[in-house]
Structures are given as structure tokens and as C-alpha cells.
Amino acid sequence: TQYQYNIHQSNIIPLTDSTKSWPKHFAKTDLVIEAVFEDLTLKRQILSQMEDVTPLHTIFATNTSAIPIRDIAEGCARPANVLGMHYFSPVPNMPLLEIIPHDGTSPEVLERSLRIGTKQGKTCIVVKDVPGFYVNRCLGPYLVEVSALVKDGVPLEKLDASMKEFGMPVGPITLADEVGLDVGSHVATFLSKADLGDRMNGGDLTLMQNMMAKGWLGRKASQGFYTYSKDSKGKEVKTINADVRAYVEEFADRKLDLSTEEIQNRIVGRFVNEAAKCLEDGIIDNPAVGDIGMVLGTGFAPFRGGPFRYLDQMGSDKFCGMMMDMAERYDGKQFVPCDLLQEYAKTGKKFHGR
């Protein structure tokens, strides 16, 4: 109700570093959620500051999109109180919350965080503390493959249209603009230096890095892959301007005439393979968590039920055959299906058991 809204709003106290009384406001805090940009040194600095002014029971939750929680907690005074609470943008609209305990997080802190996330109206999943966690770890190869397709001369509009036809709510180009090219570039670059090996190969991440340098950060800057403006009636108009089109055409080093199905197979294949690898590595507990995370965190074609339902419908054997065919045609190890998928392909086993 409006009354409840007003009550909640009245409890918000905006503070800055220049507010002399800010430490006093944190003296009775139960939870601190840190959401500064992706800089490990800065996050550790804020954690240290918070430990100086907050009670011993206070949970420190970082909203990092990719940095391992153990690295942020390293050297802090109360590592048992530290964990990740990774919200998805835009936060009011995205229902998923990844909760990431590190090895030293106490069970009580994890349980309290789950209750808080649920009270916020989020669907919470607990994932392992690895670079990128679950959702962004899967988005890494996805973004790399999108850059590979741009390199292969696929028009931006066709990339978006192909994935929308697959069932995604938005295409990869629109998704990059919505998330922010700076955020997407950071996550992809970070993961390319992490532990994914060949699975982050095959593309060219300078696609987004160069755009960042030009200030083309996406919707928030009114300019990303698309230009965002208003028409005479105040309605948003989304177009690709001449500068972006010229940049993309110069970035491409060949022009393959790929079908919609081939575009879908290349992007979805790498996306789904990484989800299966996450299950293989124990990053997610079971296929149901994997499906929930992908549908609610990325909008993975909801009617398909998520990556593991998709694999069951398609058949792991057919999926592995498709991936090995692309690995041969594109001479790329990044398409080789993970061991778990190959095992399921041989035995005919399904992820959901039916």
C-alpha cells in the first residue's frame, strides 16, 4: 500500500563519507550490502571500514559479479560473516539472487542471508564460490561467442532476432546494452583470465573494450550497440547509428552467411555446455537449481524450462553431436562438450530423470 511504501521510504537515511555521523548509523546494523564497482582492493577496504564500525554479528554481503568471495574476505577480521549476495540488473525487475558462501562462511550467516533474500521477494539459489559463480560463469562463453559471430560478419540485428526466435526475451546485443558494456566486458575479461581455459576462447573481447573507450556503455549512457532516444511523443526509439555500424563492420574479418539455426546453435551451445560444466564441477547442487538460475537470471527461453530441460528435450547425444560437429568445422576446442555431457550422451541418462 502507499502507507507501507511511505513507512519504508522514511526509514532510508542517505549517507556520504562527508556525513560526520555515518559510523553511528552503522553501529546497530545487521547486514551491509556492498555494491561498488569491481575492484578487489576497494572492496577489501570497504569491508575493513565496515568491520570497524559494525557489531560483531553484522553480515557483510558483497554484490560482486565475478570476484571470488574468498579473495574479498582474505585478511578480514570476521571472515565467517562474509558472503556474496549477487543481485541482477535491473534489481527491481530481476527475481534471482545468487548467494555465495566461501569456505569460511558460517552456516548461520548463510541461513540468515537466505531468509533476507526471500523476504526481499527474491528466488535464492546457493552456488559455489568460483570466478563468475553460476550465471555469469555461463554468460562468459556466451559473450565470447557473440563477439566471434560479430567477427564472422553477422549483423547485430540478426544476432538479436535469432536469439529472440529461440525464445530469449532479448537478444545478446540488447542484453549487453541493458547490463552495461563496462560490466559485461569486465566479467568476460575477468573470466578469460580465470579457470575456464579453452571455454573462453574463440572470440575477441576487444569488441566491448573498444566501445567502452568510446563511452558507448549501453542504455545507461544512451549509446551502446544501439542508440537510445525519444520521438516527438516521448516514446523510446532504439536504432543502430552510423558510427556503431562502421565500427562493427571494421571489426569483422570475414562475412559468413550463417543461418538463424547456426547462430542459435553456436550461442546456445556454449551457454548450455557451461551450465552442464557447472553441474559437473559442483558449482550448482542439481539441474533444477541450474534451470531456475538461468531462467530467472538471464531469461533463458522460459518455455524450454532452462538448460537442463532443454538438454533432456533435445537429447544429450544429439547435443554432443552438434557441438563436436561445430568443434570440427570451426577448429575450436571451445565447442567440445564437457565430460558430464559426453557421459550422459553415451548412457542416455536424463538430467531430470524422466
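Everything numeric in this text was worked out from a predicted model, so none of it was measured. (Residues numbered from 1 in each chain as written. Predicted model: local features only at pLDDT ≥ 70, side-chain atom pairs only at ≥ 80, totals over all residues. Heavy atoms only, no water.)

Caption draft 1: Seen up close, the layout of surface pockets. Of the volumes computed, that of the largest pocket is approximately 840 Å³. Every residue lining the largest pocket is counted, 38 residues in all, and those nearest its centre are Y87, F88, S89, V179 and V183. Only β3 (82-87), α6 (135-151), α8 (172-179), α9 (181-192) and α13 (287-298) provide two or more residues apiece to the lining of the largest pocket. As for the second largest pocket, its lining consists of L15, H25, F26, T29, D30, L31, V32, I33, I59, R112, I116 and Q120. Taken together, the elements giving at least two residues each to the lining of the second largest pocket come down to β1 (31-34) and α5 (107-119). The element best represented in the lining of the second largest pocket is β1, accounting for 3 residues. (1 Å grid on protein atoms, 1.4 Å probe; cavity = no way out; pocket = protein on both sides within 12 Å on 5 of 7 lines; lining within 4 Å. Points joined across faces, edges and corners; volume = space filled by probe spheres on them. Helix = DSSP H or I, 4+ residues; strand = E, 2+ residues; numbered from the N terminus.)

Caption draft 2: Quick peek at the nonpolar core. In terms of nonpolar packing, the biggest core is built from 90 residues, with Y134, L159, F225, F300 and F308 touching the most fellow members. With residues up to four places along the chain from it excluded, the contact list for F308 reads Y134, A275, A276, L279, I284, P287, G290, D291, F351 and H352. Formed by 8 residues, the second largest nonpolar core is a distinct cluster that contains M85, Y87, L97 and I99. (Core = buried A, V, L, I, M, F, W, Y, C linked by side-chain atoms within 4.5 Å. Buried < 20%, exposed > 50% of the residue type's maximum accessible area, 1.4 Å probe, protein only. Contact = heavy atoms within 4.5 Å.)

Caption draft 3: Focus on the pairing of strand β2 (residues 59-62). Residue alternation in β2 divides its side chains into two sets, I59 and A61 and F60 and T62, and both sets are buried. Across 4 bridges, β1 lies against β2 in parallel orientation. Across the sheet, residue L31 finds its bridge partner in β2, namely I59. Viewed along the sheet, the connection from β1 through helix α3 (residues 40-53) into β2 turns out right-handed. In this structure, β2 lies alongside β3, joined through 3 bridges in parallel fashion. Each residue of the ladder has a partner; that of T62, found in β3, is G84. (Pairing = 2+ DSSP bridges. Right-handed = clockwise from strand over helix to strand, strands pointing away.)

Caption draft 4: Spatial organisation of the side chain of D291. The topology assignment puts D291 in helix α13. Here D291 is buried and forms no salt bridge, its nearest opposite-charge partner R309 lying at an N-O distance of 4.3 Å. A distance of 3.5 Å separates a polar side-chain atom of D291 from the backbone nitrogen of R309. Excluding its chain neighbours within four sequence positions, the residues that come into contact with D291 are G305, G306, P307, F308, R309 and H352. (Lys, Arg positive; Asp, Glu negative; His and termini not counted. Salt bridge = Lys/Arg side-chain N within 4 Å of Asp/Glu carboxyl O. Polar contact = N/O pair within 3.5 Å; in protein donor to acceptor, adjacent residues only side chain to side chain.)

Caption draft 5: Up close: unusual backbone geometry. The residue after S89, namely P90, is reached through a cis peptide bond having omega -5°. Here P90 is to be found in the loop between β3 and β4 (96-101).

Caption draft 6: Focus on the environment of M314. Considering the arrangement of structural elements, one finds M314 in helix α14 (residues 307-314). Sequence-wise, M314 and L149 are 165 residues apart; in three dimensions their C-alpha atoms are separated by 24 Å. Apart from residues lying up to four places away in sequence, M314 is in contact with F319 and M322.

Caption draft 7: Region of interest: the sheet that holds β3. Read from one edge to the other, the open sheet built from 5 strands follows the order β1-β2-β3-β4-β5, with strand pairing classed as mixed. Each edge of the sheet is formed by a strand with only one pairing partner; in this case those strands are β1 and β5 (123-126). Taking each pair of neighbouring strands and ignoring which way they run, the sheet shows an average axis angle of 25°. (Axes fitted to C-alpha atoms, helices over the stretch in contact; angles between N-to-C directions.)

Caption draft 8: Just the packing of aromatic side chains, in detail. Using the criterion set out here, one finds 11 aromatic pairs in the structure. Both rings, one in F166 and one in F300, keep their centres 6.0 Å apart while their planes meet at 80°; by these two values the pair is edge-to-face. Here F300 lies in the loop between α13 and α14 and F166 lies in helix α7 (residues 156-166), a separation of 134 residues in the sequence. There is no split in this pair, since F166 and F300 are both buried. Residues F271 and F300 carry aromatic rings whose centres are separated by 5.9 Å and whose planes lie at 45° to one another, so their mutual orientation is tilted. (Phe/Tyr/Trp six-rings, centres within 6.5 Å; stacked < 30°, edge-to-face > 60°.)

Caption draft 9: Expanded view of the packing of helix α15 (residues 316-329) against helix α16 (residues 339-347). Contact geometry of α15 with α16 gives a least axis separation of 7 Å together with a crossing angle of 125°. Between α15 and α16, the interaxial angle falls into the category oblique. For the pair α15 and α16, the sense of crossing is left-handed. Contact residues: α15 offers S316, D317, F319 and C320, while α16 offers L341, Q342, Y344 and A345. (Parallel < 35°, antiparallel > 145°, perpendicular 65-115°, else oblique. Left-handed = near helix turned anticlockwise from the far one by under 90°.)

Caption draft 10: Spotlight on the packing of α13 against α14. Here α13 crosses α14 at 110°, and the two axes come no closer than 7 Å. If you check the angle between α13 and α14, you find them roughly perpendicular. From α13, P287, G290, D291 and M294 reach across to α14, where they touch P307, F308 and R309. Counted by class, the contact of α13 with α14 contains 4 nonpolar, 1 polar and 2 charged residues. (Nonpolar A, V, L, I, M, F, W, Y, C, P; charged D, E, K, R; others polar.)

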